[in-house]
Amino acid sequence: MLVLLCFSFLLKGQEGDSLFFKKNTTKKRIPVLCEIKLQDGSSYRGFIEKQEDSLLFLKSSLGVTLQIPKKQVLRIDFVHGSVKDTLGTTLLQIPQISNNYYIVSSNAFLQKRGEFYGSSSYFVFYNLNYAIDKHVSVGISTSFYAVPVMLHIKSNFKIGNNMYLGLDGMGGSGSWLNPKSYGGLGLAKLTYGTIHTNFTISAGYGNIEYYSRASRRRGGGFGSYRPSKHRDYNSFLVAAAFTCPISTRFAFTAEAFAAPLSGIYTLAPALRTTRKPNLSFVFGIEGILTISPTSGLAKVIGFPYLGASFRIK
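None of these values were measured; they are calculated from a predicted model. Once a new chain begins, its residue numbering starts again from 1 and follows that chain's sequence as written. Local features in this predicted model are restricted to residues whose pLDDT is 70 or higher, and side-chain atom pairs enter the listing and the counts only when it is 80 or higher, whereas totals over whole chains, interfaces and linings include all residues. Water and hydrogen atoms were dropped before computing side-chain values, which therefore reflect all heavy atoms in the structure.

Things to note about the overall build of the protein
Part 1 of the argument: Segments assigned H or I by DSSP are reported as helices when at least four residues long, segments assigned E as strands when at least two residues long, and all are numbered from the N terminus. In terms of helices and strands, the protein carries one helix and 21 strands.
Part 2 of the argument: The 313 residues of the protein split such that 39% are buried.
Part 3 of the argument: By sequence separation, contacts in the protein at least 24 residues apart represent 47% of the contacts at least 6 residues apart.
Part 4 of the argument: Within the structure as shown, the protein displays about 17700 Å² of accessible surface, and the carbon and sulfur contribution to it stands at 64%. Remark: exposure states derive from per-residue accessible area (1.4 Å probe, protein chains only) relative to the maximum for the residue type, with buried under 20%, exposed over 50%, and partly exposed in between. Contacts are assigned to residue pairs that have any heavy atoms within 4.5 Å of one another. Working definition of accessibility: Shrake-Rupley area with a 1.4 Å probe, residue cover restricted to the visible protein chains.

Structure representation (C-alpha cells):
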C-alpha cells in the first residue's frame, strides 16, 4: 500500500516558469543543463535557450533546437556534472548521492567514472566504492574494527527506456575477529524509473559459514563449557525497494528483503534527505520477522534505523 501511495507523486504537475540560468561573478547568465520530463514519459536533455508563454526552446550540444510545448512538461530537473544532452546519446549521471540509494541497498543507475562514494549503517558499518567507469565499481564493506571485511563489485547497464540492470557480487570473511567464518552473495537487480522516482527488484543467492570458538562461561562448574560450532547458512534472497520525493528536502523510501530458507524477512520504511548533493541521511524503522526452520516459531522485532550516504570527488 505504501508503494501505491507513493506512485501518486509521479503525477506532480508542471513546474512554473523557473529560472534556467545561473549567475557567475560577472553577472552573466550561464545556461544550465536540464532534463525535461514530458507527461507521455519521454525526456530530453539540453540547454534551455529561451522560453515563451507556451513554448520552451531546448538546444543540444550539436546546435539543434527543439520546441517543447509547456503544457506537455511534467517536470524539469537541473543536471549537475559533466554529461552530454540527449542528442549526445550519453546517459544522464546521478546529480545527488541520495538518488543512488534506498535504505541499505542501491539501485542500478549508471555511475560516474572516477567517483568515490559510499554508505553507512548506524555510522558503524561502512560500504566504500570507486567507479572505474560508468558500468563498473569496486568497493569494500567493513567497520571501524575491520570486522568483517568483504569485497564488493557492482556492474550496471542501461537496457531500455528508464530500465537498468545491475549485477552485484560480494564475499569476505570475519577478519581477525573470526577468520574461520566466510560469506558471499551474488545478486541481480532491475531498476525502473527516473532518478527521483524509481523502484528496484532483486534476486540472488547467498551462503554464510559461521564458526564459533569454544569458550567457558564465567563461574565455571558443570555445563559451563561451550564447544566450538560450525554453522552453514544457505538461502536465496529476494528484495524490493522504492523511492519517491515528498518535498524539496525529503524523499520517502522503503525496502523489503526475504531469505525464506533462513526464515528471515525484513521491512523498512524511511525518510531520506535530498537537499545536499554529496551527503544524504536516512532514518526510519527496521522490522525483522524470523521464523525457525525447525519449530516454525515466529518472532518479530523492530528498532530505529539511522544511516547516511556520501560522495567524495
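Structural notes on the nonpolar core
Part 1 of the argument: Here, nonpolar core means buried Ala, Val, Leu, Ile, Met, Phe, Trp, Tyr and Cys residues that are tied together by side-chain atoms lying within 4.5 Å of each other. In this structure, C34, I36, L38, I48, L56, L58, I68, V73 and I76 together form the largest nonpolar core, which totals nine residues.
Part 2 of the argument: Every element with two or more residues in this core is listed here: β3 (33–38), β5 (55–59) and β7 (73–78).
Part 3 of the argument: Here this core gets three residues from one element, more than from any other, and that element is β3.
Part 4 of the argument: Counting five residues, the second largest nonpolar core, distinct from the first, contains I103, A268, A270 and Y305.

Digging into the confidence of the model for the protein
Part 1 of the argument: Note on scores: pLDDT gives the predictor's confidence for each residue, bounded by 0 and 100. With 79% of its residues at a pLDDT of 70 or more, the protein has an overall mean of 82.
Part 2 of the argument: Long-range and interchain partners of residues 1–29, a stretch whose pLDDT sits below 50, account for 48 contacts in this model, where long-range means more than four residues apart.

Section: the sheet that holds β3
Part 1 of the argument: In space, the five strands of this open sheet follow the order β6-β5-β4-β3-β7, with antiparallel pairing throughout. Both outer strands of the open sheet, β6 (65–69) and β7, are each paired with one neighbouring strand and no more. Adjacent strand axes in the sheet meet at a mean angle of 45 degrees, parallel and antiparallel pairs treated alike.
Part 2 of the argument: Strands were regarded as paired on the criterion that DSSP finds at least two bridges between them. Examined bridge by bridge, β3 and β7 share five bridges and lie antiparallel to one another. What counts as an axis is a line fitted to C-alpha atoms, over the stretch in contact for a helix, and the angles between N-to-C directions run from 0 to 180 degrees.

A look at the packing of aromatic side chains
The relation between two aromatic rings is expressed through the spacing of the ring centres and the mutual angle of the planes.
Part 1 of the argument: Stacked, tilted and edge-to-face are the three classes applied to pairs of Phe, Tyr and Trp rings, where Trp contributes its six-membered ring and a pair requires centres within 6.5 Å; stacked means planes under 30 degrees apart, edge-to-face means over 60, and tilted covers the rest. Across all of its chains, the model carries six aromatic pairs by this definition.
Part 2 of the argument: Taking 5.0 Å as the distance between ring centres and 70 degrees as the angle between the ring planes, the aromatic pair formed by Y122 and Y305 counts as edge-to-face. With Y122 in the loop between β8 (116–121) and β9 (125–131) and Y305 in strand β21 (residues 298–312), the pair connects residues that are 183 residues apart, well separated along the chain.
Part 3 of the argument: Relative to F199, the ring of Y192 lies with its centre 6.0 Å away and its plane at 50 degrees, an arrangement referred to as tilted.
Part 4 of the argument: Stacked on the ring of F57, the Lys or Arg K50 has its end atom at 4.8 Å from the ring centre. To sit over a ring, a charge needs its Lys NZ or Arg CZ within 6 Å of the ring centre and within 35 degrees of the ring normal.

Brief notes about the side chain of Q111
Part 1 of the argument: With respect to the element layout, Q111 can be found in the loop between β7 and β8.
Part 2 of the argument: Note on Q111: relative accessible area 5%, which makes it buried.
Part 3 of the argument: Any N or O atom pair separated by 3.5 Å or less is treated as a polar contact, with the protein-specific requirement of one donor-capable and one acceptor-capable atom, and with residues adjacent in sequence counted only for side-chain atom pairs. Looking at Q111, its side chain comes within polar contact range of the side chain of Y117, at 2.6 Å.

Quick word on the sheet that holds strand β14 (residues 198–212)
Part 1 of the argument: Reading around the barrel, the 12 strands line up as β8-β9-β10-β11-β12-β13-β14-β17-β18-β19-β20-β21 and close back on themselves, with antiparallel pairing between neighbours. Each neighbouring strand pair of the sheet contributes to a mean axis angle of 20 degrees, computed without reference to strand direction.
Part 2 of the argument: Both strand β12 (residues 163–174) and strand β13 (residues 178–193) contribute to a ladder of 12 bridges, which runs antiparallel. Residue L165 lies in a different strand from β13, and its bridge partner there is L190.

Some points on the environment of A241
Part 1 of the argument: With respect to the helices, strands and loops of the structure, A241 is situated in strand β17 (residues 229–245).
Part 2 of the argument: Taking the C-alpha atoms as reference points, A241 and S105, 136 residues apart in sequence, are found 8.0 Å from one another.

A few points about the pairing of strand β19 (residues 264–273)
Part 1 of the argument: Here strand β18 (residues 250–259) pairs with β19 via 10 bridges, running antiparallel. Bridge pairing in β19 places A251 opposite R272.
Part 2 of the argument: The turn linking β18 back onto β19 is made up of four residues, and G263 within it adopts a positive phi angle of 70 degrees.
Part 3 of the argument: In sequence, β19 turns back onto strand β20 (residues 279–291) through a hairpin of five residues.

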